[in-house]
Every structure is written in C-alpha cells, then in structure tokens.
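Listed here are the chains, written in short residue letters.
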Amino acid sequence: MNKKSKDHTHQEFIEFQGDDLFDVKNFFWEFLQDGIRQKHYIFLNPLTTAPVSQVDAYDRYTDGIKRYLNFSSYNYLGYSVYPEVIREVQDTLAKYGTGAASAPLFSGYYDVTKRLEERIAAFKNKEAALVFPTGYSANVGVLSCILKPGDVAVLDILAHASLYDGARLAGADIKVFSHNSPGHLERVLRSLKTKRALVCVEGVYSMDGDLAKLPEIIAVCKKYGAKILIDEAHSTLIFGEHGRGVAEHFGVENDIDISIGTFSKSFGAIGGFAVADQKLISYMRFSARSYIFSCAMAPHTAAGILKILDIYTKDKSQRDKLLDNARYMRKALTKAGFDIGDTQSQVVPVFVGKEMRLREIGRRIYEKGLYAGIVTYPAVSAKRTRLRLSVSAYHTKEQMDACVNILKEAFADVPGGE
Ligand SMILES: Cc1ncc(COP(=O)(O)O)c(C=O)c1O
C-alpha cells in the first residue's frame with residue numbers, strides 16, 4: 001500500500017470501513033509510520049516533569065529529553081503543584097490508600113467525597129452536587145439519564161464530544177444550532193414537536209475560548225419551555241466574581257437547570273461534577289450509568305480539591321493573574337496578525353486552516369521548543385484546524401512573548417492560511 005500521510009486526513013480513519021472489521025489498522029499503521037518519518041507525529045511524547053510553564057518531555061526524533069515552553073496544559077491556576085495541596089493529597093493517600101476501590105453505590109463513597117459534594121454545592125449556590133470520576137463521564141452520565149428516546153438534545157454545534165455522546169447513549173434525537181446563535185436556537189426549538197428538550201451550551205467554549213451568549217440563550221429556552229444545561233469546564237474558578245463560572249458572570253445562575261464542571265482544568269486534578277436541585281441530583285445518583293458503573297473518584301483526589309477550594313476562597317490572586325495573562329496573550333497575538341477568532345478567555349485558538357498546514361506548523365513549533373495543542377478533526381472541523389494555547393497564571397510575559405515569536409517564525413515558514 002505504502003500510504004503517504006500527506007494524502008490522508010485523520011477524519012478518513014475515523015470514518016473508514018473495510019470489509020474486515022480490523023482493516024482500518026493496516027491503513028492507519030502506514031499513515032502513522034509515514035507521519036513519523038515526516039516528523040508530523042508530535043503527539044504522546046511522555047512528559048517527565050509537572051505541567052507548568054515549562055515541561056520536559058521525551059522527543060522521539062532525538063531519542064532524548066527536551067525542554068519545552070508549555071502552552072498545552074489545563075493547569076490554569078497552577079494548583080496541581082501547590083505544596084499545601086500536595087501535602088493534603090499525601091496525607092489522605094496515607095490514610096485511605098491509592099483508590100476508591102469500588103463504585104460509589106457499593107463502597108466507593110468516602111467521607112471526603114461527601115464533603116467535596118457538599119462543598120461544591122455550597123460553592124455553586126445550588127442544593128446538591130454529584131461528583132463523577134471525570135468531566136467526560138459527568139456529561140455522559142447526566143444527559144443519558146435525563147433524556148429518553150424521543151427527547152431532544154439541542155446542542156450548540158461546538159458543544160463538547162461528551163455532550164454529544166451522552167445524548168447518543170440516551171437514544172435521544174440530536175439537533176444542533178449554529179454556534180452561539182440565539183436566533184438559530186429559536187428556530188430549532190420552534191420546529192420541535194416536543195417540549196422535552198435539553199439545550200446544552202458551554203460557558204467558555206473549549207476549542208474557541210468564546211463565552212456563551214447566556215442571557216439571550218436563556219430567554220429563548222424560557223420562551224419554548226426548554227431546560228438548559230451549561231458545561232462550565234473551562235470557566236469554573238475563572239469567570240464570575242466568586243469563580244462560579246460564566247452563569248455567575250452574566251448574573252443568570254438561577255435560570256440554569258443543570259451546571260456541569262470538571263476538576264481537570266482550573267483545579268489541575270481529575271474528576272467532574274453536576275450541580276442541580278436536590279431531587280434531580282438524587283435521581284442522577286441512582287441512574288447515571290457512568291456514575292453507577294464506574295469506580296468512584298479516589299479519596300486523595302477529593303481531599304486535594306477541597307484544599308484548593310480553601311485556598312481559592314481566601315485568595316483569588318492567581319485567577320486575577322490568569323485573566324491578566326490571557327488578555328496580554330490575546331493582544332500580543334492579535335498585534336502579530338494571527339487569527340484568534342472571538343476568544344475572550346485563557347483558551348486561545350490560533351487558526352491555521354487545512355490539516356497539512358497544521359502538521360507542518362506543528363512540526364516546526366515542536367522543533368523550536370513550544371508545546372501547544374495541535375487540534376484537528378474530530379475535536380474541530382477539518383477546515384478549521386488550529387493550535388490551541390492554554391494560558392495560565394504561571395506564565396511570565398517573557399514566556400508569552402517567546403511563544404508569539406515561535407508562532408510567527410513557524411507561520412512564516414508555512415504560508416497559506418485557508
Ligand atoms: C467543555 C468540556 N467538557 C467536558 C470535558 C471533559 O472533561 P474531563 O477532561 O475532565 O473528562 C472537557 C475536556 O476537555 C471539556 O472541554
């Protein structure tokens with residue numbers, strides 16, 4: 001076969017169907033080997049240090065460890081390496097051991113997990129919270145138990161894969177509306193034959209960094225009696241005076257039916273949560289399949305997150321620093337002539353165009369020592385590939401300037417923007 005990677009996109013493999021179920025592996029293997037030869041394979045380089053502004057990672061092309069400027073990790077506020085957090089995790093680890101060792105409804109529910117749920121509910125000003133092993137499983141679990149076949153998940157077209165997957169698991173119909181368009185949402189809701197619809201949006205969009213137009217979207221939901229879920233994965237601890245997210249930022253928290261969050265971004269840990277009224281959470285606890293049929297969050301993880309909430313409640317200077325840094329980075333990139341779309345947050349896309357250009361630019365930035373998200377289908381449309389920069393509180397201005405300079409050189413080396 002001798003496939004040339006430049007003749008294929010990642011999307012082809014995801015959609016490929018041969019006569020034999022496993023045919024795809026041969027096709028993909030050649031694509032991968034050629035990609036490695038072209039130095040386009042810059043994924044899965046194991047990190048050997050903590051995810052802060054610089055990381056050391058294995059480089060397969062030199063077979064050594066290389067230092068990178070890191071704009072790829074979600075540790076937005078730097079909490080994953082706070083000494084107090086690490087100490088709390090270590091103490092809890094010594095007490096309970098390494099894992100929860102069971103699903104929550106058997107014996108995987110610990111005093112510390114219960115405290116975390118109570119604390120998250122209080123933090124979000126809602127009646128109750130449910131903690132999941134990941135943010136992905138929170139969305140899959142919630143949508144799949146709330147929606148039934150014949151119900152409709154109405155998703156912003158750019159909604160996270162986990163929202164789509166939850167709706168699919170529910171067997172619900174999926175309708176999408178144009179990104180952040182209350183007008184199109186209204187047309188979709190008007191066309192539905194059922195009132196059993198759940199509109200799902202993100203607070204900060206994970207690949208674009210823009211904010212949901214919540215006040216307008218909520219007004220449309222109310223008009224048509226649709227329920228609304230917001231995924232605040234990238235906005236928790238960052239937006240809103242108290243850090244409760246974009247719903248707090250817009251002053252519309254009481255209009256949200258279900259709010260989702262994750263501990264993998266600003267908390268720098270792992271896990272997810274849903275908050276809602278007591279009865280809804282209680283129903284989810286006994287019916288969300290990703291909660292019931294999966295091992296619970298490890299107690300030491302819950303303890304670390306509780307410590308982060310203590311720190312955050314007393315001192316939001318890291319958050320303020322992050323917002324300053326994000327502003328600085330957006331301005332610097334815009335000044336340098338990059339297309340960064342409508343981002344208003346620390347999630348900063350730098351649009352590239354077609355996948356082949358992304359691969360060439362990706363190779364160059366890695367060679368120049370910059371670690372950034374290389375994003376193509378299925379995370380985004382194959383025509384809208386991008387580098388995704390995760391700005392954090394721990395980046396210095398010098399590091400942000402260095403990042404912009406590397407991008408300038410790499411983009412200049414590979415012209416063609418569409
Ligand atoms: C908007 C959104 N929701 C959910 C998730 C899943 O969260 P987790 O990585 O904690 O599973 C992500 C992760 O990238 C996300 O961006």
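All values derive from a computational prediction rather than experimental measurement.

> What is the right way to look at the sheet that holds strand E2 (residues 64-71) in this model?
Strand pairing within a sheet occurs via backbone hydrogen bonds; the two strands may be parallel or antiparallel. What the five strands build is an open sheet, ordered E1-E2-E11-E12-E10; its pairing is mixed. What marks the edges here is a single partner per strand, and that holds for strand E1 (54-59) and strand E10 (347-353). Sheet twist, expressed as the mean angle between neighbouring strand axes with direction ignored, is 45°. Across the sheet, helix H15 (residues 355-367) touches E10, strand E11 (370-375) and strand E12 (385-390), and the angle it forms with E11 is around 165°. On top of the sheet, helix H16 (residues 397-413) reaches E2, E10, E11 and E12; it is set at about 105° to E2, its chief contact.

> Help me out: how do you make sense of the site of the ligand in this one?
The immediate surroundings of the ligand are formed by 14 residues, with Gly-135, Tyr-136, Ser-206, Ala-233 and Ser-264 found nearest. Considering each element in turn, the shell around the ligand owes the most residues, three residues, to helix H6 (residues 135-146). By residue class, the composition of the shell around the ligand is two nonpolar, ten polar and two charged.

> I'm lost on the packing of helix H5 (residues 111-123) against helix H13 (residues 299-314) in this one. Help?
The N-to-C vectors of H5 and H13 enclose an angle of 35°; their axes lie 9 Å apart at closest approach. The interaxial crossing formed by H5 with H13 has left-handed handedness. Contacts between H5 and H13 involve Val-112, Thr-113, Arg-115, Leu-116, Arg-119 and Phe-123 from the first element and Pro-299, Ala-302, Ala-303, Ile-305, Leu-306 and Leu-309 from the second. Partitioned by chemical class, the residues of the contact of H5 with H13 number nine nonpolar, one polar and two charged.

> What's the story with the domain arrangement of the protein chain in this structure? I'm lost.
Interface size is often expressed as the accessible area that is lost when the parts come together. Each assigned domain of the protein chain is listed here: domain 1 (40-71 + 317-413) and domain 2 (82-314). The centre of domain 1, based on its C-alpha atoms, is set 27 Å off from the matching centre of domain 2. Tallying the contact residues gives 15 residues for domain 1 and eleven residues for domain 2. Secondary structure elements with two or more residues in the side of domain 1 that touches domain 2: helix H14 (317-335) and E10. Its residues placed into classes, the side of domain 1 that touches domain 2 shows seven nonpolar, five polar and three charged.

> Is there a simple way to explain the sheet that holds strand E5 (residues 173-177) in this structure?
Pairing in this open sheet of seven strands is mixed, and the strands run E3-E9-E8-E7-E6-E4-E5 from one edge to the other. The sheet is open, and its two borders are formed by strand E3 (128-132) and E5, each paired with just one other strand. In this sheet, neighbouring strand axes are inclined to one another by 20° on average, regardless of whether the strands run parallel or antiparallel. Across five bridges, the pairing between strand E4 (residues 152-156) and E5 is parallel. From the neighbouring strand, Val-152 faces E5, where its bridge partner is Asp-173.

> Explain the environment of Val-188 to me, please; I cannot follow it from the model alone.
Following the sequence through the fold, Val-188 ends up in helix H8 (residues 182-191). The class for Val-188 is buried, based on 21 C-beta atoms found within 10 Å. Ignoring any residue separated from it by four or fewer positions in sequence, one finds Val-188 in contact with Val-154, Lys-175 and Phe-177.

> What exactly am I supposed to notice about the pairing of E10 here?
Along any regular strand the residues' side chains alternate between the sheet's two faces. Most of E10 sits inside the fold, with five of its seven residues counted as buried. As judged from the six bridges shared by E10 and E12, these two strands associate in the antiparallel manner. Across the sheet, Val-348 pairs through a bridge with Leu-389, a residue of E12.

> Would you mind showing me how to read helix H2 (residues 23-37) here?
Each α-helix turn comprises 3.6 residues. Residues three or four places apart therefore point the same way. Here H2 is 15 residues long and its end C-alpha atoms lie 22 Å apart, about the 21 Å a rise of 1.5 Å per residue gives. Following H2 by one or two positions, Lys-39 adopts a phi angle in the positive range, close to 65°.

> Just to check I follow, could you spell out the packing of H14 against H16 for this structure?
Helix packing for two helices is described by the angle between their axes and how far apart those axes are. The contact between H14 and H16 brings their axes to 10 Å, and the two run at 30°. On the basis of the axis angle, H14 is roughly parallel to H16. Read as a crossing pair, H14 and H16 show a hand that is right-handed. Residue-level inspection shows Asn-325, Tyr-328, Met-329, Ala-332 and Leu-333 of H14 in contact with H16, the latter providing Lys-397, Met-400, Asp-401 and Val-404.

> Looking at this structure, how should I read the environment of Val-201?
Structurally, Val-201 can be placed in strand E6 (residues 197-202). For Val-201, a count of 30 C-beta atoms within 10 Å corresponds to the buried category. Spatially, the C-alpha atoms of Val-201 and Ala-159 are 6.2 Å apart, while their sequence positions differ by 42 residues. The residues touching Val-201, leaving out its near neighbours within four places in the chain, are Asp-156, Ala-159, Ala-212, Ile-217 and Ile-230.

> Is there a simple way to explain the pairing of E1 in this structure?
Pairing geometry for E1 and E2, over six bridges, is antiparallel. Note on E2: the bridge partner recorded for Ala-57 is Lys-66. What sits between the antiparallel neighbours E1 and E2 is a turn of four residues, in which Asp-63 has the positive phi angle 55°.

> How do you make sense of the nonpolar core when you look at a structure like this?
Nonpolar side chains in soluble globular proteins tend to be buried together. The biggest cluster of nonpolar side chains holds 118 residues, and the ones touching the most others in it are Val-142, Ala-153, Val-154, Val-199, Ala-274 and Leu-370. Residue contributions to this core peak at seven residues, all from H6. No fewer than three residues from each of domain 1 (40-71 + 317-413) and domain 2 (82-314) sit in this core. Ignoring anything within four residues of it in the chain, the contact list for Val-154 reads Lys-175, Phe-177, Leu-185, Val-188, Leu-189, Ala-197, Leu-198, Val-199 and Ala-226.

Parameters and conventions
Residues numbered from 1 in each chain as written. Predicted model: local features only at pLDDT ≥ 70, side-chain atom pairs only at ≥ 80, totals over all residues. Pairing = 2+ DSSP bridges. Helix = DSSP H or I, 4+ residues; strand = E, 2+ residues; numbered from the N terminus. Axes fitted to C-alpha atoms, helices over the stretch in contact; angles between N-to-C directions. Contact = placed C-beta atoms within 7 Å. Near = placed C-beta within 6 Å. Nonpolar A, V, L, I, M, F, W, Y, C, P; charged D, E, K, R; others polar. Left-handed = near helix turned anticlockwise from the far one by under 90°. Domains from an automatic or database assignment. Buried ≥ 20, exposed ≤ 12 C-beta atoms within 10 Å, placed from the backbone. Expected span 1.5 Å × (residues − 1). Parallel < 35°, antiparallel > 145°, perpendicular 65-115°, else oblique. Core = buried A, V, L, I, M, F, W, Y, C linked by C-beta atoms within 7 Å.

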